[in-house]
Amino acid sequence: MAEKSEEPTPPSPHPPKDQLPDVSYCITSPPPWPEAILLGFQHFLVMLGTTVLIPTALVPQMGGRNEEKAEVIQTLLFVAGINTLQQSLFGTRLPAVIGGSYTFVPTTISIILAGRFSDDSDPVDRFKRIMRAIQGSLIVASILQIVLGFSGLWRNVARFLTPLSAVPLVALVGFGLYELGFPGVAKCVEIGLPELILLVFISQYMPQVINSGRQVFHRFSVIFSVVVVWIYAHLLTVGGAYNDAAPKTQLSCRTDRSGLVEAAPWIRVPYPFQWGAPSFDAGEGFAMMMASFVALVESTGVFVAVSRYASATPLPPSILSRGVGWQGFGILLSGVFGTVNGSSVSVENAGLLAVTRVGSRRVVQIAAGFMIFFSVLGKFGAVFASIPAPIVAALYCLFFAYVGSVGLTFLQFCNLNSFRTKFILGSSVFIGLSVPQYFNEYTAINGYGPVHTRARWFNDMINVSMSSEPFIAGCLAYFLDNTLYKDGAIKKDRGKEWWDKFKSYEGDARSEEFYSLPFNLNEYFPSV
(Lines give C-alpha, C1' and ligand atoms only; values in the text may rest on other atoms or scores of the structure.)
Protein backbone atom coordinates (compact mmCIF):
# COMPACT_ATOMS: atom_id res chain seq x y z
CA MET A 1 0.00 0.00 0.00
CA ALA A 2 1.47 3.35 -1.06
CA GLU A 3 2.31 5.82 1.71
CA LYS A 4 0.19 8.91 1.96
CA SER A 5 2.02 12.05 0.92
CA GLU A 6 2.23 14.58 3.69
CA GLU A 7 -0.07 17.56 3.26
CA PRO A 8 1.73 20.89 3.02
CA THR A 9 1.72 22.93 6.22
CA PRO A 10 -0.65 25.89 5.86
CA PRO A 11 1.03 29.30 6.13
CA SER A 12 0.90 30.77 9.61
CA PRO A 13 0.19 34.46 10.24
CA HIS A 14 2.93 36.76 11.44
CA PRO A 15 2.99 36.73 15.25
CA PRO A 16 2.07 40.04 16.97
CA LYS A 17 5.01 41.91 18.52
CA ASP A 18 4.89 44.14 21.61
CA GLN A 19 8.08 45.83 20.39
CA LEU A 20 8.89 46.72 16.80
CA PRO A 21 11.71 44.48 15.49
CA ASP A 22 14.54 45.46 13.12
CA VAL A 23 15.24 48.78 14.86
CA SER A 24 18.99 49.43 14.83
CA TYR A 25 19.14 51.39 18.08
CA CYS A 26 16.22 51.34 20.50
CA ILE A 27 15.31 53.99 23.03
CA THR A 28 18.02 53.01 25.56
CA SER A 29 20.84 52.02 23.16
CA PRO A 30 22.70 55.08 21.82
CA PRO A 31 24.73 54.91 18.59
CA PRO A 32 28.45 55.84 18.60
CA TRP A 33 28.97 59.55 19.28
CA PRO A 34 29.93 60.68 15.73
CA GLU A 35 26.90 58.89 14.29
CA ALA A 36 24.64 60.18 17.08
CA ILE A 37 25.71 63.79 16.40
CA LEU A 38 24.96 63.47 12.69
CA LEU A 39 21.59 61.84 13.42
CA GLY A 40 20.81 64.60 15.93
CA PHE A 41 21.63 67.26 13.33
CA GLN A 42 19.30 65.47 10.91
CA HIS A 43 16.45 65.72 13.45
CA PHE A 44 17.25 69.42 13.81
CA LEU A 45 17.01 69.90 10.03
CA VAL A 46 13.65 68.12 9.88
CA MET A 47 12.01 70.10 12.69
CA LEU A 48 13.11 73.38 11.07
CA GLY A 49 10.31 73.03 8.52
CA THR A 50 7.44 73.68 10.92
CA THR A 51 9.58 76.08 12.96
CA VAL A 52 10.06 78.33 9.92
CA LEU A 53 6.74 77.87 8.10
CA ILE A 54 4.46 78.87 11.00
CA PRO A 55 6.15 82.23 11.84
CA THR A 56 6.58 82.92 8.11
CA ALA A 57 2.81 82.65 7.69
CA LEU A 58 1.78 84.49 10.88
CA VAL A 59 4.32 87.26 11.60
CA PRO A 60 3.63 89.34 8.42
CA GLN A 61 -0.11 89.24 9.22
CA MET A 62 0.70 90.64 12.65
CA GLY A 63 2.63 93.56 11.14
CA GLY A 64 6.09 92.16 11.77
CA ARG A 65 9.04 92.69 9.43
CA ASN A 66 11.79 90.19 8.53
CA GLU A 67 13.62 91.21 11.74
CA GLU A 68 10.63 90.23 13.90
CA LYS A 69 10.14 87.04 11.88
CA ALA A 70 13.77 86.03 12.46
CA GLU A 71 13.47 86.73 16.20
CA VAL A 72 10.25 84.69 16.49
CA ILE A 73 11.87 81.75 14.66
CA GLN A 74 14.87 81.97 17.01
CA THR A 75 12.54 82.01 20.01
CA LEU A 76 10.46 79.07 18.75
CA LEU A 77 13.67 77.11 18.12
CA PHE A 78 15.04 77.95 21.57
CA VAL A 79 11.84 76.91 23.37
CA ALA A 80 11.60 73.75 21.24
CA GLY A 81 15.09 72.76 22.39
CA ILE A 82 14.19 73.25 26.06
CA ASN A 83 10.87 71.40 25.70
CA THR A 84 12.47 68.47 23.87
CA LEU A 85 15.11 68.13 26.58
CA GLN A 86 12.61 68.20 29.44
CA GLN A 87 10.29 65.72 27.66
CA SER A 88 13.13 63.25 27.07
CA LEU A 89 14.45 63.63 30.61
CA PHE A 90 11.38 64.02 32.80
CA GLY A 91 8.30 63.45 30.60
CA THR A 92 7.59 60.26 28.66
CA ARG A 93 11.37 59.83 28.17
CA LEU A 94 10.65 58.95 24.53
CA PRO A 95 12.79 60.28 21.65
CA ALA A 96 10.06 62.79 20.80
CA VAL A 97 10.81 66.28 19.48
CA ILE A 98 8.51 68.95 20.92
CA GLY A 99 8.06 71.81 18.45
CA GLY A 100 5.50 74.13 16.92
CA SER A 101 2.04 72.86 16.06
CA TYR A 102 -0.33 73.68 13.19
CA THR A 103 -3.25 72.95 15.55
CA PHE A 104 -2.82 76.34 17.25
CA VAL A 105 -2.62 78.32 13.99
CA PRO A 106 -6.38 78.92 13.33
CA THR A 107 -6.95 80.26 16.85
CA THR A 108 -3.85 82.43 16.52
CA ILE A 109 -5.13 83.86 13.22
CA SER A 110 -8.45 84.63 14.92
CA ILE A 111 -6.57 86.68 17.53
CA ILE A 112 -4.60 88.47 14.78
CA LEU A 113 -7.84 89.47 13.04
CA ALA A 114 -9.48 90.76 16.24
CA GLY A 115 -10.85 94.26 15.72
CA ARG A 116 -9.16 95.81 18.76
CA PHE A 117 -5.75 95.79 17.02
CA SER A 118 -6.85 97.56 13.82
CA ASP A 119 -6.49 101.07 15.31
CA ASP A 120 -2.68 100.83 15.62
CA SER A 121 -0.96 102.66 12.75
CA ASP A 122 2.58 101.47 13.59
CA PRO A 123 2.99 97.88 12.24
CA VAL A 124 5.67 96.94 14.78
CA ASP A 125 3.58 98.20 17.70
CA ARG A 126 0.63 96.23 16.32
CA PHE A 127 2.84 93.16 16.08
CA LYS A 128 3.86 93.46 19.72
CA ARG A 129 0.28 94.03 20.93
CA ILE A 130 -0.95 90.95 19.07
CA MET A 131 2.02 88.91 20.30
CA ARG A 132 1.23 89.83 23.91
CA ALA A 133 -2.41 88.76 23.39
CA ILE A 134 -1.26 85.42 21.94
CA GLN A 135 1.11 84.98 24.88
CA GLY A 136 -1.73 85.51 27.35
CA SER A 137 -3.99 82.99 25.64
CA LEU A 138 -1.19 80.38 25.51
CA ILE A 139 -0.44 80.82 29.21
CA VAL A 140 -4.13 80.22 29.99
CA ALA A 141 -4.29 77.25 27.59
CA SER A 142 -1.27 75.58 29.20
CA ILE A 143 -3.23 75.10 32.44
CA LEU A 144 -5.42 72.44 30.80
CA GLN A 145 -2.62 70.04 29.90
CA ILE A 146 -0.69 70.72 33.11
CA VAL A 147 -3.74 69.84 35.22
CA LEU A 148 -4.83 66.83 33.13
CA GLY A 149 -1.29 65.48 33.01
CA PHE A 150 0.14 65.98 36.48
CA SER A 151 -3.14 65.22 38.28
CA GLY A 152 -3.33 61.81 36.59
CA LEU A 153 -6.68 62.51 34.95
CA TRP A 154 -5.30 61.75 31.48
CA ARG A 155 -3.97 58.47 32.89
CA ASN A 156 -7.56 57.43 33.62
CA VAL A 157 -8.55 58.30 30.05
CA ALA A 158 -5.59 56.45 28.52
CA ARG A 159 -6.38 53.25 30.42
CA PHE A 160 -9.41 52.72 28.20
CA LEU A 161 -7.38 53.15 24.99
CA THR A 162 -7.09 49.84 23.12
CA PRO A 163 -5.21 48.83 19.96
CA LEU A 164 -8.51 49.08 18.07
CA SER A 165 -9.25 52.68 19.13
CA ALA A 166 -5.58 53.63 18.68
CA VAL A 167 -5.59 52.69 14.98
CA PRO A 168 -7.73 55.63 13.67
CA LEU A 169 -6.06 58.09 16.07
CA VAL A 170 -2.45 57.25 15.15
CA ALA A 171 -3.16 56.59 11.46
CA LEU A 172 -4.83 59.96 10.89
CA VAL A 173 -2.18 61.80 12.89
CA GLY A 174 0.01 60.99 9.90
CA PHE A 175 -2.37 60.55 6.96
CA GLY A 176 -4.51 63.53 8.07
CA LEU A 177 -1.63 65.89 7.19
CA TYR A 178 -1.83 65.02 3.50
CA GLU A 179 -2.44 68.66 2.56
CA LEU A 180 1.08 69.52 3.77
CA GLY A 181 2.65 66.91 1.47
CA PHE A 182 2.43 66.98 -2.32
CA PRO A 183 0.52 70.30 -2.52
CA GLY A 184 3.64 71.83 -0.97
CA VAL A 185 5.91 69.92 -3.37
CA ALA A 186 3.89 71.20 -6.35
CA LYS A 187 4.52 74.85 -5.40
CA CYS A 188 7.93 74.34 -7.01
CA VAL A 189 7.79 70.93 -8.61
CA GLU A 190 11.26 71.17 -10.22
CA ILE A 191 12.75 71.26 -6.70
CA GLY A 192 10.22 69.33 -4.62
CA LEU A 193 9.82 66.32 -6.89
CA PRO A 194 13.58 65.62 -7.26
CA GLU A 195 13.86 65.80 -3.46
CA LEU A 196 11.04 63.26 -3.01
CA ILE A 197 12.46 60.88 -5.65
CA LEU A 198 16.01 61.19 -4.32
CA LEU A 199 14.92 60.64 -0.70
CA VAL A 200 13.03 57.47 -1.61
CA PHE A 201 15.87 56.21 -3.81
CA ILE A 202 18.60 56.79 -1.19
CA SER A 203 16.61 55.47 1.78
CA GLN A 204 14.91 52.48 0.14
CA TYR A 205 16.85 51.41 -2.98
CA MET A 206 20.49 52.33 -2.30
CA PRO A 207 20.81 49.88 0.64
CA GLN A 208 19.86 47.11 -1.84
CA VAL A 209 22.28 48.32 -4.54
CA ILE A 210 25.25 48.87 -2.19
CA ASN A 211 24.97 46.46 0.70
CA SER A 212 27.85 47.70 2.86
CA GLY A 213 26.34 46.48 6.13
CA ARG A 214 26.77 49.94 7.70
CA GLN A 215 23.23 51.14 6.88
CA VAL A 216 24.57 54.55 5.92
CA PHE A 217 22.05 55.31 3.20
CA HIS A 218 18.72 54.99 4.98
CA ARG A 219 20.25 56.39 8.17
CA PHE A 220 21.49 59.62 6.57
CA SER A 221 19.23 59.82 3.52
CA VAL A 222 17.76 63.17 4.63
CA ILE A 223 21.16 64.88 4.82
CA PHE A 224 22.30 63.41 1.49
CA SER A 225 19.13 64.32 -0.42
CA VAL A 226 18.60 67.77 1.11
CA VAL A 227 22.20 68.86 0.45
CA VAL A 228 22.08 67.71 -3.20
CA VAL A 229 18.70 69.32 -3.98
CA TRP A 230 19.51 72.49 -2.00
CA ILE A 231 22.66 72.99 -4.09
CA TYR A 232 20.64 72.30 -7.24
CA ALA A 233 18.01 74.88 -6.16
CA HIS A 234 20.76 77.43 -5.46
CA LEU A 235 22.25 76.86 -8.92
CA LEU A 236 18.82 77.48 -10.46
CA THR A 237 18.52 80.68 -8.42
CA VAL A 238 21.92 82.15 -9.30
CA GLY A 239 21.53 80.98 -12.90
CA GLY A 240 18.50 83.24 -13.32
CA ALA A 241 15.91 80.49 -13.81
CA TYR A 242 13.36 82.44 -11.76
CA ASN A 243 14.20 86.02 -12.68
CA ASP A 244 11.00 86.46 -14.68
CA ALA A 245 8.82 84.13 -12.62
CA ALA A 246 5.75 85.21 -10.67
CA PRO A 247 6.36 86.48 -7.10
CA LYS A 248 4.74 83.37 -5.57
CA THR A 249 6.99 81.09 -7.62
CA GLN A 250 10.07 83.06 -6.62
CA LEU A 251 9.10 82.84 -2.97
CA SER A 252 8.75 79.05 -3.16
CA CYS A 253 11.67 78.23 -5.47
CA ARG A 254 14.47 80.70 -4.84
CA THR A 255 16.97 80.12 -2.05
CA ASP A 256 17.44 83.85 -1.34
CA ARG A 257 13.85 84.95 -0.71
CA SER A 258 13.32 84.08 2.96
CA GLY A 259 14.97 87.30 4.19
CA LEU A 260 16.14 85.49 7.32
CA VAL A 261 19.92 85.56 6.82
CA GLU A 262 20.01 89.35 6.42
CA ALA A 263 17.51 90.02 9.22
CA ALA A 264 18.80 87.59 11.87
CA PRO A 265 21.24 88.97 14.47
CA TRP A 266 24.60 87.25 14.89
CA ILE A 267 24.00 86.43 18.55
CA ARG A 268 20.74 86.80 20.47
CA VAL A 269 19.46 84.92 23.49
CA PRO A 270 15.64 84.82 23.71
CA TYR A 271 14.31 85.74 27.13
CA PRO A 272 10.91 85.67 28.91
CA PHE A 273 8.41 88.45 28.14
CA GLN A 274 10.73 89.92 25.47
CA TRP A 275 7.71 91.49 23.72
CA GLY A 276 6.29 93.00 26.93
CA ALA A 277 3.78 91.89 29.57
CA PRO A 278 1.12 89.45 28.23
CA SER A 279 -2.46 90.65 27.88
CA PHE A 280 -5.38 88.38 28.70
CA ASP A 281 -8.80 87.96 27.13
CA ALA A 282 -11.16 85.34 28.57
CA GLY A 283 -12.70 84.33 25.24
CA GLU A 284 -9.34 83.96 23.52
CA GLY A 285 -8.05 81.97 26.48
CA PHE A 286 -10.97 79.50 26.20
CA ALA A 287 -10.51 79.20 22.44
CA MET A 288 -6.78 78.52 22.82
CA MET A 289 -7.58 76.02 25.59
CA MET A 290 -9.72 74.06 23.11
CA ALA A 291 -6.84 74.11 20.63
CA SER A 292 -4.63 72.82 23.45
CA PHE A 293 -7.05 69.94 24.06
CA VAL A 294 -7.07 69.04 20.36
CA ALA A 295 -3.25 69.13 20.39
CA LEU A 296 -3.33 66.89 23.49
CA VAL A 297 -5.35 64.21 21.69
CA GLU A 298 -3.13 64.44 18.61
CA SER A 299 0.03 64.28 20.73
CA THR A 300 -1.28 61.15 22.44
CA GLY A 301 -1.36 59.50 19.02
CA VAL A 302 2.16 60.71 18.17
CA PHE A 303 3.53 59.50 21.53
CA VAL A 304 2.10 56.05 20.75
CA ALA A 305 3.76 56.15 17.30
CA VAL A 306 7.12 57.26 18.76
CA SER A 307 7.07 54.48 21.37
CA ARG A 308 6.57 51.98 18.55
CA TYR A 309 9.38 53.31 16.35
CA ALA A 310 11.71 53.55 19.37
CA SER A 311 11.16 49.78 19.85
CA ALA A 312 9.78 50.41 23.33
CA THR A 313 6.79 48.70 24.90
CA PRO A 314 3.37 50.42 24.78
CA LEU A 315 3.24 53.51 26.98
CA PRO A 316 1.85 52.89 30.47
CA PRO A 317 -0.98 55.41 31.06
CA SER A 318 0.85 57.00 34.00
CA ILE A 319 3.88 57.70 31.80
CA LEU A 320 1.70 59.19 29.06
CA SER A 321 -0.01 61.41 31.63
CA ARG A 322 3.38 62.56 32.94
CA GLY A 323 4.42 63.47 29.40
CA VAL A 324 1.20 65.42 28.87
CA GLY A 325 1.91 67.43 32.01
CA TRP A 326 5.37 68.36 30.76
CA GLN A 327 3.93 69.20 27.34
CA GLY A 328 1.56 71.60 29.10
CA PHE A 329 4.58 73.15 30.78
CA GLY A 330 6.08 73.50 27.29
CA ILE A 331 3.01 75.47 26.16
CA LEU A 332 3.47 77.68 29.22
CA LEU A 333 7.07 78.35 28.13
CA SER A 334 5.79 79.16 24.63
CA GLY A 335 3.50 81.77 26.17
CA VAL A 336 6.17 83.17 28.46
CA PHE A 337 8.81 83.54 25.73
CA GLY A 338 6.40 84.53 22.93
CA THR A 339 6.75 81.94 20.17
CA VAL A 340 3.44 82.89 18.41
CA ASN A 341 2.52 79.20 18.60
CA GLY A 342 1.86 76.40 21.08
CA SER A 343 3.90 73.22 21.46
CA SER A 344 3.15 69.58 20.67
CA VAL A 345 4.96 66.43 19.55
CA SER A 346 6.54 66.75 16.10
CA VAL A 347 4.92 64.29 13.66
CA GLU A 348 7.70 64.68 11.08
CA ASN A 349 10.42 63.76 13.57
CA ALA A 350 8.42 60.68 14.57
CA GLY A 351 8.51 59.69 10.89
CA LEU A 352 12.28 60.30 10.78
CA LEU A 353 12.71 57.65 13.49
CA ALA A 354 11.23 55.17 11.02
CA VAL A 355 13.40 56.28 8.07
CA THR A 356 16.63 56.02 10.08
CA ARG A 357 15.50 53.03 12.21
CA VAL A 358 17.20 54.76 15.13
CA GLY A 359 14.94 55.38 18.13
CA SER A 360 17.66 56.41 20.56
CA ARG A 361 16.82 58.94 23.24
CA ARG A 362 20.33 60.38 23.12
CA VAL A 363 20.00 61.33 19.43
CA VAL A 364 16.97 63.53 20.13
CA GLN A 365 18.70 65.12 23.13
CA ILE A 366 21.61 66.02 20.83
CA ALA A 367 19.07 67.49 18.39
CA ALA A 368 17.74 69.64 21.25
CA GLY A 369 21.28 70.90 21.79
CA PHE A 370 21.48 71.91 18.11
CA MET A 371 18.14 73.75 18.45
CA ILE A 372 19.37 75.82 21.40
CA PHE A 373 22.80 76.43 19.82
CA PHE A 374 21.48 77.66 16.47
CA SER A 375 18.71 79.71 18.11
CA VAL A 376 21.37 81.77 19.86
CA LEU A 377 23.70 82.02 16.84
CA GLY A 378 21.05 83.56 14.64
CA LYS A 379 22.94 83.98 11.35
CA PHE A 380 24.05 80.35 11.23
CA GLY A 381 20.59 79.06 12.13
CA ALA A 382 19.03 81.32 9.49
CA VAL A 383 21.15 79.69 6.76
CA PHE A 384 19.57 76.30 7.46
CA ALA A 385 16.15 77.89 7.96
CA SER A 386 16.29 79.25 4.38
CA ILE A 387 15.85 75.77 2.84
CA PRO A 388 13.02 76.15 0.25
CA ALA A 389 9.63 74.97 1.51
CA PRO A 390 9.05 72.42 -1.34
CA ILE A 391 12.10 70.48 -0.11
CA VAL A 392 10.53 70.31 3.35
CA ALA A 393 7.17 69.26 1.87
CA ALA A 394 8.90 66.40 0.03
CA LEU A 395 10.29 65.15 3.35
CA TYR A 396 6.79 65.33 4.83
CA CYS A 397 5.47 62.97 2.12
CA LEU A 398 7.61 60.16 3.52
CA PHE A 399 7.55 61.03 7.23
CA PHE A 400 3.78 61.47 7.56
CA ALA A 401 3.24 58.26 5.60
CA TYR A 402 5.42 56.36 8.07
CA VAL A 403 3.52 57.76 11.07
CA GLY A 404 0.17 56.87 9.49
CA SER A 405 1.34 53.35 8.68
CA VAL A 406 2.45 52.64 12.25
CA GLY A 407 -1.14 53.28 13.31
CA LEU A 408 -2.25 50.50 10.98
CA THR A 409 0.22 48.08 12.60
CA PHE A 410 -1.93 47.93 15.74
CA LEU A 411 -4.44 45.96 13.69
CA GLN A 412 -2.19 42.94 14.33
CA PHE A 413 -3.68 42.78 17.84
CA CYS A 414 -7.32 42.99 16.63
CA ASN A 415 -9.76 40.51 15.09
CA LEU A 416 -10.33 41.84 11.57
CA ASN A 417 -13.03 39.23 10.94
CA SER A 418 -15.29 40.88 13.53
CA PHE A 419 -18.11 43.08 12.21
CA ARG A 420 -17.78 45.19 15.36
CA THR A 421 -14.14 45.87 14.49
CA LYS A 422 -15.04 46.71 10.89
CA PHE A 423 -17.76 49.14 11.99
CA ILE A 424 -15.57 51.01 14.48
CA LEU A 425 -12.61 51.23 12.12
CA GLY A 426 -14.57 52.17 9.03
CA SER A 427 -16.91 54.70 10.60
CA SER A 428 -14.23 56.48 12.66
CA VAL A 429 -11.78 56.80 9.76
CA PHE A 430 -14.48 57.89 7.28
CA ILE A 431 -16.09 60.43 9.62
CA GLY A 432 -12.62 61.55 10.71
CA LEU A 433 -11.83 62.47 7.11
CA SER A 434 -15.28 63.67 6.02
CA VAL A 435 -16.17 66.13 8.80
CA PRO A 436 -12.89 68.12 8.64
CA GLN A 437 -13.17 68.17 4.84
CA TYR A 438 -16.58 69.87 5.14
CA PHE A 439 -15.30 72.40 7.68
CA ASN A 440 -12.17 73.19 5.65
CA GLU A 441 -14.09 73.54 2.37
CA TYR A 442 -16.68 75.81 4.00
CA THR A 443 -13.96 77.99 5.50
CA ALA A 444 -12.06 78.22 2.19
CA ILE A 445 -15.18 79.34 0.31
CA ASN A 446 -16.73 81.71 2.86
CA GLY A 447 -13.73 82.96 4.81
CA TYR A 448 -15.19 81.72 8.11
CA GLY A 449 -16.20 78.36 9.55
CA PRO A 450 -19.67 76.73 9.57
CA VAL A 451 -20.10 77.80 13.20
CA HIS A 452 -20.35 81.57 12.85
CA THR A 453 -21.95 83.25 15.86
CA ARG A 454 -21.24 86.60 17.48
CA ALA A 455 -19.06 84.85 20.05
CA ARG A 456 -15.74 84.56 18.23
CA TRP A 457 -14.19 82.38 20.93
CA PHE A 458 -17.05 79.87 20.66
CA ASN A 459 -16.68 79.75 16.86
CA ASP A 460 -12.97 79.01 17.25
CA MET A 461 -13.58 76.26 19.80
CA ILE A 462 -15.94 74.33 17.51
CA ASN A 463 -14.33 75.06 14.15
CA VAL A 464 -10.80 74.15 15.30
CA SER A 465 -11.83 70.89 16.94
CA MET A 466 -14.01 69.84 13.99
CA SER A 467 -11.18 70.53 11.52
CA SER A 468 -8.77 67.99 13.02
CA GLU A 469 -8.86 64.53 11.41
CA PRO A 470 -7.10 62.63 14.23
CA PHE A 471 -9.19 64.39 16.89
CA ILE A 472 -12.51 63.42 15.25
CA ALA A 473 -11.42 59.89 14.34
CA GLY A 474 -9.70 59.20 17.66
CA CYS A 475 -12.55 60.48 19.83
CA LEU A 476 -15.18 58.62 17.80
CA ALA A 477 -13.23 55.34 17.84
CA TYR A 478 -12.59 55.71 21.59
CA PHE A 479 -16.30 56.35 22.27
CA LEU A 480 -17.58 53.50 20.09
CA ASP A 481 -15.01 51.02 21.35
CA ASN A 482 -15.91 51.69 24.99
CA THR A 483 -19.70 51.85 24.60
CA LEU A 484 -20.59 49.20 22.02
CA TYR A 485 -21.51 45.80 23.50
CA LYS A 486 -18.58 44.23 25.36
CA ASP A 487 -18.09 40.69 26.61
CA GLY A 488 -15.21 38.23 26.98
CA ALA A 489 -14.82 37.60 23.26
CA ILE A 490 -15.04 41.29 22.41
CA LYS A 491 -12.10 42.01 24.73
CA LYS A 492 -9.96 39.76 22.57
CA ASP A 493 -11.34 41.22 19.33
CA ARG A 494 -10.35 44.79 20.28
CA GLY A 495 -6.82 43.70 21.30
CA LYS A 496 -7.28 44.80 24.90
CA GLU A 497 -5.72 41.68 26.37
CA TRP A 498 -2.45 42.52 24.60
CA TRP A 499 -2.22 45.90 26.35
CA ASP A 500 -3.64 44.91 29.74
CA LYS A 501 -0.23 44.21 31.25
CA PHE A 502 0.93 47.72 30.32
CA LYS A 503 -1.99 49.46 32.09
CA SER A 504 0.19 49.58 35.21
CA TYR A 505 3.79 50.78 35.28
CA GLU A 506 4.79 47.69 37.23
CA GLY A 507 2.80 45.32 35.00
CA ASP A 508 5.80 44.67 32.75
CA ALA A 509 9.47 44.65 33.75
CA ARG A 510 10.52 46.45 30.56
CA SER A 511 8.65 49.63 31.59
CA GLU A 512 11.30 50.30 34.22
CA GLU A 513 14.04 50.03 31.58
CA PHE A 514 12.38 52.36 29.07
CA TYR A 515 10.45 54.92 31.12
CA SER A 516 12.05 55.29 34.58
CA LEU A 517 13.13 58.80 35.56
CA PRO A 518 16.85 59.69 35.76
CA PHE A 519 18.80 60.50 38.94
CA ASN A 520 16.67 58.03 40.98
CA LEU A 521 13.74 60.45 40.79
CA ASN A 522 11.32 57.51 40.69
CA GLU A 523 11.79 57.23 44.46
CA TYR A 524 10.25 60.69 44.90
CA PHE A 525 7.86 60.65 41.91
CA PRO A 526 6.73 57.02 41.58
CA SER A 527 4.72 55.93 38.52
CA VAL A 528 1.62 53.77 39.02
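The structure under discussion appears in the preceding block.
All figures in this text were calculated on a predicted structure; none of them were measured in a lab.

### Focus: the state of the cysteines
So, step 1. Per the counting criterion, the structure on display carries 1 disulfide.
So, step 2. At a sulfur-sulfur separation of 2.0 Å, the disulfide partner of C188 is C253. In this structure the cystine formed by C188 and C253 twists about its S-S bond by roughly 125 degrees; its chirality is therefore right-handed. Of this pair, C188 sits in the loop between helix 7 (182–185) and helix 8 (189–209) while C253 sits in helix 11 (residues 247–253), placing them 65 residues apart in sequence.
So, step 3. Note on C188: relative accessible area 1%, which makes it buried.
So, step 4. C253 sits in the buried class, given a relative accessible area of 0%.
So, step 5. Cysteine C475 remains unbridged, with the sulfur of C414 as its closest cysteine sulfur at 18 Å.

### Regarding helix 10 (residues 221–238)
So, step 1. Between its terminal C-alpha atoms helix 10 stretches 26 Å, which fits the 26 Å expected from 18 residues at 1.5 Å a residue.
So, step 2. Just downstream of helix 10, G240 is the residue with a positive phi angle, here 85 degrees.

### Notes on the layout of surface pockets
So, step 1. When its volume is computed, the largest pocket comes out at roughly 1200 Å³.
So, step 2. In terms of lining, the largest pocket is formed by 46 residues, of which the most central are Y102, T103, V105, P106 and S467.
So, step 3. Put simply, the parts of the chain that give the lining of the largest pocket at least two residues each are helix 3 (105–112), helix 6 (163–175), helix 13 (282–309), strand 2 (343–345), helix 15 (347–356), helix 19 (419–446), helix 20 (456–465) and helix 21 (469–483).
So, step 4. Partitioning the lining of the largest pocket into residue classes produces 20 nonpolar, 20 polar and 6 charged.
So, step 5. Empty space within the second largest pocket amounts to approximately 900 Å³.
So, step 6. For the second largest pocket, the lining is made up of 34 residues, of which L53, T56, K187, S252 and A389 are closest to its centre.
So, step 7. Counting only elements with at least two residues in the lining of the second largest pocket, the list comes to helix 1 (33–62), helix 7, helix 11, helix 17 (378–385) and helix 18 (389–408).
So, step 8. Broken down by element, the residue count for the lining of the second largest pocket peaks at 8 residues, all from helix 1.
So, step 9. Counted by class, the lining of the second largest pocket contains 20 nonpolar, 7 polar and 7 charged residues.

### Focus on the side chain of T92
So, step 1. Here T92 shows up in the loop between helix 2 (66–90) and strand 1 (98–100).
So, step 2. With sequence-adjacent residues up to four places away left out, T92 is seen in contact with Q87, F303, L315, I319, L320, R322, G323 and Y515.

### Quick word on the packing of aromatic side chains
So, step 1. The tally for this structure, following the rule as stated, stands at 28 aromatic pairs.
So, step 2. An aromatic cluster is built from F41, F44, F370, F373, F374 and F384, whose rings are joined through pairwise contacts.
So, step 3. Positioned above the aromatic ring of W266 is the side chain of K379, whose terminal nitrogen or guanidinium carbon lies 5.8 Å from the ring centre.

### Observations concerning empty space enclosed by the protein
So, step 1. Under the definition given, this model contains 4 cavities of 30 Å³ or more.
So, step 2. Forming the walls of the largest cavity are 21 residues, and the residues nearest its centre are L161, P314, L315, W499 and F502.
So, step 3. Listing elements by their share of the lining of the largest cavity, those giving two or more residues are helix 13, helix 14 (317–337) and helix 23 (496–499).
So, step 4. Per-element tally for the lining of the largest cavity: the top contributor is helix 13, with 3 residues.

How each quantity is defined
Residues numbered from 1 in each chain as written. Predicted model: local features only at pLDDT ≥ 70, side-chain atom pairs only at ≥ 80, totals over all residues. Heavy atoms only, no water. Disulfide = S-S within 2.5 Å. Helix = DSSP H or I, 4+ residues; strand = E, 2+ residues; numbered from the N terminus. Buried < 20%, exposed > 50% of the residue type's maximum accessible area, 1.4 Å probe, protein only. Expected span 1.5 Å × (residues − 1). 1 Å grid on protein atoms, 1.4 Å probe; cavity = no way out; pocket = protein on both sides within 12 Å on 5 of 7 lines; lining within 4 Å. Points joined across faces, edges and corners; volume = space filled by probe spheres on them. Nonpolar A, V, L, I, M, F, W, Y, C, P; charged D, E, K, R; others polar. Contact = heavy atoms within 4.5 Å. Phe/Tyr/Trp six-rings, centres within 6.5 Å; stacked < 30°, edge-to-face > 60°. Lys NZ or Arg CZ within 6 Å of the ring centre and 35° of its normal.

Geometric descriptors of this kind do not, in isolation, establish any biological role.
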